[in-house]
Amino acid sequence: MAHEIKTLKPGQLITEPGFYRIPLDVHHSQCCDGPSVTSGVLRKMEKHGPSKVWATHVLNPDRYEPKRTDALRLGSAMAAFVEGGLDALNAEYQTIPENAPPRPTKPQLQALKEGRESSKARASIAFWSEVDRDGREVITEKELELLAAMGLALSKDPAAAAVLGGEPEITMAAYDDRTKLWMLARPDNMKFDGTMSDYKKINAGGRPFNQWLCSQRTEDHEYTMQLGFAADVFERLTGIWSDQAGLVFQEDEPPHDVILMPVLEEDLRFGQFLNQRAMTRFRECLDAQHWPGPGEVITPFHRDEKRRERILEEMQIEGKAP
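Keep in mind it's a predicted model, so treat the numbers as computed, not measured.

1. Some thoughts on the environment of alanine 123
Then comes step 1: Following the sequence through the fold, alanine 123 ends up in helix H6 (residues 119-134).
Then comes step 2: Once the C-alpha coordinates of alanine 123 and lysine 106 are considered, the two residues, 17 residues apart in sequence, prove to be 15 Å apart.

2. Examining the sheet that holds strand E1 (residues 5-6)
Then comes step 1: Spatially, E1-E2-E7-E8-E3 is the arrangement adopted by the 5 strands of the open sheet, whose pairing is mixed. The sheet is open, and its two edges are formed by E1 and strand E3 (36-38), each paired on a single side.
Then comes step 2: Relative to strand E8 (residues 181-185), strand E7 (residues 171-176) runs antiparallel, the two being bridged by 5 bridges. Bridge assignment links alanine 174 to a residue of E8, and that residue is methionine 183.
Then comes step 3: Contacts from helix H11 (residues 265-288) reach E3, E7 and E8, with the element oriented near 135° to E8.

3. Notes on the nonpolar core
Inside soluble globular proteins, nonpolar side chains tend to come together where they are buried.
Then comes step 1: If you look at the biggest cluster of nonpolar residues, it comprises 29 residues, and the most contacted ones within it are Phe19, Val37, Met172, Phe229, Val233, Phe282 and Trp291.
Then comes step 2: Non-local contacts of phenylalanine 19, meaning those with residues more than four positions away in its chain, are made with His3, Glu4, Ile5, Lys6, Ile170, Thr171, Met172, Met190, Phe192, Phe234, Leu237 and Thr238.
Then comes step 3: Counting 16 residues, the second largest nonpolar core, distinct from the first, contains Phe209, Trp241, Val263 and Leu268.

4. Section: the sheet that holds strand E6 (residues 167-168)
Then comes step 1: With mixed pairing, 5 strands are arranged side by side in an open sheet as E6-E9-E10-E11-E12. Strand pairing shows two members of the sheet lacking a second neighbour, E6 and strand E12 (258-262), which therefore form its edges.
Then comes step 2: As judged from the 8 bridges shared by strand E10 (residues 195-202) and strand E11 (residues 244-251), these two strands associate in the parallel manner. Considered in E11, the bridge of isoleucine 202 is made with glutamate 251.
Then comes step 3: Along the sheet, helix H9 (residues 211-220) contacts E10, E11 and E12; its crossing angle with E12, the most-contacted strand, is approximately 55°.

5. Focus on the packing of helix H4 (residues 70-92) against helix H7 (residues 141-155)
Then comes step 1: It is at 10 Å that the axes of H4 and H7 come closest, and there the two elements cross at 70°. Taken together, H4 and H7 sit at an angle that is classed as roughly perpendicular. As H4 runs across H7, the sense of the crossing is right-handed. Only Glu143, Leu144, Leu147, Ala148, Met150, Gly151 and Leu154 of H7 make contact with H4, whose side of the interface consists of Arg73, Leu74, Ala77, Met78, Phe81, Val82, Leu86 and Leu89.
Then comes step 2: Class assignment for the residues of the contact of H4 with H7 results in 12 nonpolar, 1 polar and 2 charged.

6. Observations regarding the side chain of histidine 256
Then comes step 1: Summarising the element assignment, histidine 256 is placed in the loop between E11 and E12.
Then comes step 2: A polar contact of 3.3 Å, which involves the side chain of histidine 256, links it to the backbone oxygen of glutamate 251.
Then comes step 3: Once you skip the residues sitting within four places of it in the chain, histidine 256 turns out to touch Leu146, Ala149, Met150, Ala153, Gln250 and Glu251.

7. Some details on a negative patch on the surface
Then comes step 1: The grouping of Glu219, Asp220, Glu266 and Asp267 at the surface amounts to a negative patch.
Then comes step 2: Broken down by secondary-structure element, the contributors of at least two residues to the negative patch are H9 and H11.
Then comes step 3: Inspection of the secondary structure puts glutamate 266 in helix H11.
Then comes step 4: Among the residues examined, glutamate 266 registers a relative accessible area of 54% and is labelled exposed.

8. A short note on the pattern of salt bridges
Once the charged atoms of two side chains with opposite charge are near each other, the side chains can pair.
Then comes step 1: All told, the structure shown has 16 salt bridges when counted by the stated rule.
Then comes step 2: Across the pair arginine 269 and glutamate 265 runs a salt bridge, and its minimum N-O distance is 3.3 Å. Placement of the pair is arginine 269 and glutamate 265 together in helix H11, with a separation of 4 residues, close to one helical turn.
Then comes step 3: Take glutamate 265: its relative accessible area is 45%, and that puts it in the partly exposed class.
Then comes step 4: Through salt bridges with shared partners, a single network forms among Asp70, Arg73 and Glu143.

9. Here's the deal with the environment of glutamate 83
Then comes step 1: Among the structural elements, glutamate 83 can be located in helix H4.
Then comes step 2: Relative accessible area serves as the criterion here: at 16%, glutamate 83 is assigned to the buried category.
Then comes step 3: Sequence-wise, glutamate 83 and tryptophan 241 are 158 residues apart; in three dimensions their C-alpha atoms are separated by 24 Å.
Then comes step 4: Once residues lying within four places of it in the same chain are set aside, the contact partners of glutamate 83 are Leu164, Pro168, Glu169, Asp188 and Asn189.

10. Observations concerning the pairing of E11
Then comes step 1: In terms of residue burial, E11 counts as a mostly covered element, since 7 of its 8 residues are buried.
Then comes step 2: Bridge count between E11 and E12: 5 bridges; the pairing is antiparallel. Pairing of valine 248 across the sheet is with leucine 260, part of E12.
Then comes step 3: Counted between consecutive antiparallel strands, the loop separating E11 from E12 contains 6 residues, among which histidine 256 sits at a positive phi close to 60°.

11. As for the packing of helix H2 (residues 39-47) against helix H10 (residues 223-238)
Then comes step 1: In contact at an axis separation of 9 Å, H2 and H10 are set at 135° when each is read in the N-to-C sense. On the basis of their axis angle, the class for H2 and H10 is oblique. When you trace H2 past H10, the crossing you get is right-handed. Mapping the contact onto sequence places Ser39, Leu42, Arg43 and Glu46 in H2 and Tyr223, Met225, Gln226 and Phe229 in H10.
Then comes step 2: Tallied by class, the residues present in the contact of H2 with H10 amount to 4 nonpolar, 2 polar and 2 charged.

Reading guide: rules and limits
- Residues numbered from 1 in each chain as written.
- Predicted model: local features only at pLDDT ≥ 70, side-chain atom pairs only at ≥ 80, totals over all residues.
- Heavy atoms only, no water.
- Helix = DSSP H or I, 4+ residues; strand = E, 2+ residues; numbered from the N terminus.
- Pairing = 2+ DSSP bridges.
- Contact = heavy atoms within 4.5 Å.
- Axes fitted to C-alpha atoms, helices over the stretch in contact; angles between N-to-C directions.
- Core = buried A, V, L, I, M, F, W, Y, C linked by side-chain atoms within 4.5 Å.
- Buried < 20%, exposed > 50% of the residue type's maximum accessible area, 1.4 Å probe, protein only.
- Parallel < 35°, antiparallel > 145°, perpendicular 65-115°, else oblique.
- Left-handed = near helix turned anticlockwise from the far one by under 90°.
- Nonpolar A, V, L, I, M, F, W, Y, C, P; charged D, E, K, R; others polar.
- Polar contact = N/O pair within 3.5 Å; in protein donor to acceptor, adjacent residues only side chain to side chain.
- Patch = residues over 30% accessible without salt bridge, like charges linked within 9 Å, V, L, I, M, F, W, Y side chains within 5 Å.
- Areas by Shrake-Rupley, 256 points an atom, 1.4 Å probe, with all protein chains shown as cover.
- Salt bridge = Lys/Arg side-chain N within 4 Å of Asp/Glu carboxyl O.
- Lys, Arg positive; Asp, Glu negative; His and termini not counted.
- Charge placed at Lys NZ, Arg CZ, Asp CG, Glu CD.

Given below as structure tokens:
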């Protein structure tokens, strides 16, 4: 069954459920005619709690700017390269030379204001002013070479190529009547038969790159919530529950091996449950304008149970058990 993929005009809001081709920054910008949640928000709600969600949320007028780690920056760049090639990468990232000057320091910027900057500082300030005016994120020539090598290895894996052969980076929007929230899911790749996949660049950190490591990362980052959210939204839009959802892991060390990891229905349903619970809590916090931190509920110290049993046994041996 064919489904229309709509394109929003700049500044236009999503007002009806459907499939949308919009930039990633728009996807994360509260682009609906009511509050929306994404997989990242729900996973943070589940793993870290409301205070962490609200600290950097776009609806928070006093928000902190979220940190953009190198791992996240390169992972996003690789996803763009995988889905759209060099054109897609260049649309979002600018490449700078390896010998680019370091960013100017605060003392150097102050010296510029006072007219006493060095020629070295002046060159650094001029270079980075141009980079910042461009607006795109930055990758180095060496990083671009890595992305190209990984992309080539990925293209040679027939199973990965088949999984990633659908529509890239489509925002799926559904409205949840229960919580009065828009649900915005955006798998890296999807097909209208229900096939969905997310690409994950992975650094093994010296450990073996294998299924066990990929499973551990999946649980650490709640990737089943991410895919379960996409499956839930897709079903609301099409009536089809995805039975072909999975993760594509690729190691950033040569030879850039690829591991495909299907996520079975039980784990997708686990993810769906956790997402719905997180949505309920998000709605409650939003209505109350209260985003509690982990210390709001006071709990006493609890010793590790094995250690506790060992101490009790030692105390009993000495006749001093409480």
